[in-house]
Amino acid sequence: MELTNKKILVVVAHPDDELLGLGASIHRLVQRQGCTARAIILGEGITSRSAVRDPEKWSAALTVHRSNIERAATAIGYTSTGVYDFADNRFDSVDLLDMVKVVEQEKEAFQPDIIFTHHGGDTNIDHRRTFEAVVTACRPLPGEPMRTILACETPSSTEWQAANYPNPFLPNFFLAVSEADVDAKISGMEAYEFEKRTYPHPRSPEALRILAQRWGIVIGQPYAEAFMLVRHIG
């Protein structure tokens, strides 16, 4: 699959998801392969940490979160970001069509060659609904320009799904990345004041590096990130 000079749309549920499963790959594609990448973050983040959703209570933190998104985007090389306010960890309370319309509008405006999104079997309901919205918005009707969809894992969600869940993450597409790409991903994650964690949490710098090494070992490279090819029309 040719990945040089492509327009890449990344559609995820929460702030930091645009880094966790694919940040090193996006850094590689932007910095060394001439790609342009835009990240769409559908959910506001954070508010699910209260017993009852109250965006006003979290308004100051959400403002910080928005600034963190921009710092993280700069670390990776995203050309632009789009942030929406679907309720954090409550995507199952939203009509799927509302999210599909957002993806369709973003796709129409950006005209991407490739979309990256969540794996459809993650523990997190928002990830699963985001995957459904992307697949629905990109169904291969006559004249549909979107020809490639890739799903990424999200550390602290994908690997926490039950082992007998019927839709496991079984990667069949890998991107080798450099140590500098991994460093950029980690730097972007460290920009997230409310999301970064210490080892051995999956979102810690050490764990993210180990994960990149783990997938690198699978393909005989120092570092890599892993994906599931959902659809590619050649």
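Above: the structure in question.
The rules behind each value
Residues numbered from 1 in each chain as written. Predicted model: local features only at pLDDT ≥ 70, side-chain atom pairs only at ≥ 80, totals over all residues. Heavy atoms only, no water. Salt bridge = Lys/Arg side-chain N within 4 Å of Asp/Glu carboxyl O. Helix = DSSP H or I, 4+ residues; strand = E, 2+ residues; numbered from the N terminus. Buried < 20%, exposed > 50% of the residue type's maximum accessible area, 1.4 Å probe, protein only. Pairing = 2+ DSSP bridges. Axes fitted to C-alpha atoms, helices over the stretch in contact; angles between N-to-C directions. Contact = heavy atoms within 4.5 Å. Core = buried A, V, L, I, M, F, W, Y, C linked by side-chain atoms within 4.5 Å. Phe/Tyr/Trp six-rings, centres within 6.5 Å; stacked < 30°, edge-to-face > 60°. Lys NZ or Arg CZ within 6 Å of the ring centre and 35° of its normal.

The subject of this paragraph is the pattern of salt bridges. Scanning the model with the defined rule gives 10 salt bridges in all. A salt bridge links E106 to R38, with the nearest nitrogen and oxygen atoms 3.0 Å apart. Of this pair, E106 sits in helix α4 (residues 96-110) while R38 sits in strand β2 (residues 36-43), and the two are 68 residues apart along the sequence. The class for E106 is buried, based on a relative accessible area of 8%.

Judged by pairing direction, the sheet is mixed, and its seven strands sit side by side in the order β3-β2-β1-β4-β5-β7-β6 without closing on themselves. The open sheet is flanked by β3 (80-86) and β6 (173-176), the only strands paired with a single partner. Going from strand to strand, the sheet's axes swing by 25 degrees on average, the running direction of each strand aside. In this sheet, β2 lies alongside strand β1 (residues 7-12) in parallel orientation, the contact comprising six bridges. Opposite K7, over in β2, you have T36 as the bridge partner. Across the sheet, α4 is in contact with β1, β2 and β3; its angle to β2 comes to roughly 165 degrees. Each of β1, β2, β4 (114-118), β5 (148-152) and β7 (224-232) touches helix α5 (residues 125-137); the most contacted strand, β4, lies at about 155 degrees to it.

Turning our eyes to something else, we now look at the environment of D95. Of note, D95 is situated in the loop between β3 and α4. Sequence separation of D95 and R129 is 34 residues, and the distance between their C-alpha atoms is 9.9 Å.

Core analysis: the largest hydrophobic core is formed by 36 residues, its most contacted members being I8, V10, I26, Y78, F116 and F227. Counting 20 residues, the second largest nonpolar core, distinct from the first, contains A13, F86, V102 and F110.

Attention now moves to the packing of aromatic side chains. Taken as a whole and assessed by the stated rule, the structure comprises four aromatic pairs. Measuring from ring centre to ring centre gives 5.3 Å for F116 and F227, while their planes differ by 65 degrees; the resulting arrangement is edge-to-face. Of the two residues, F116 sits in strand β4 while F227 sits in strand β7, which places them 111 residues apart along the sequence. Looking at F116, the relative accessible area reads 1%, which means it is buried. Residue placement shows K7 over the ring face of F110; its charged tip is 4.6 Å from the ring centre. Taking NZ or CZ as reference, R214 lies 4.0 Å from the ring centre of W215, over its face.

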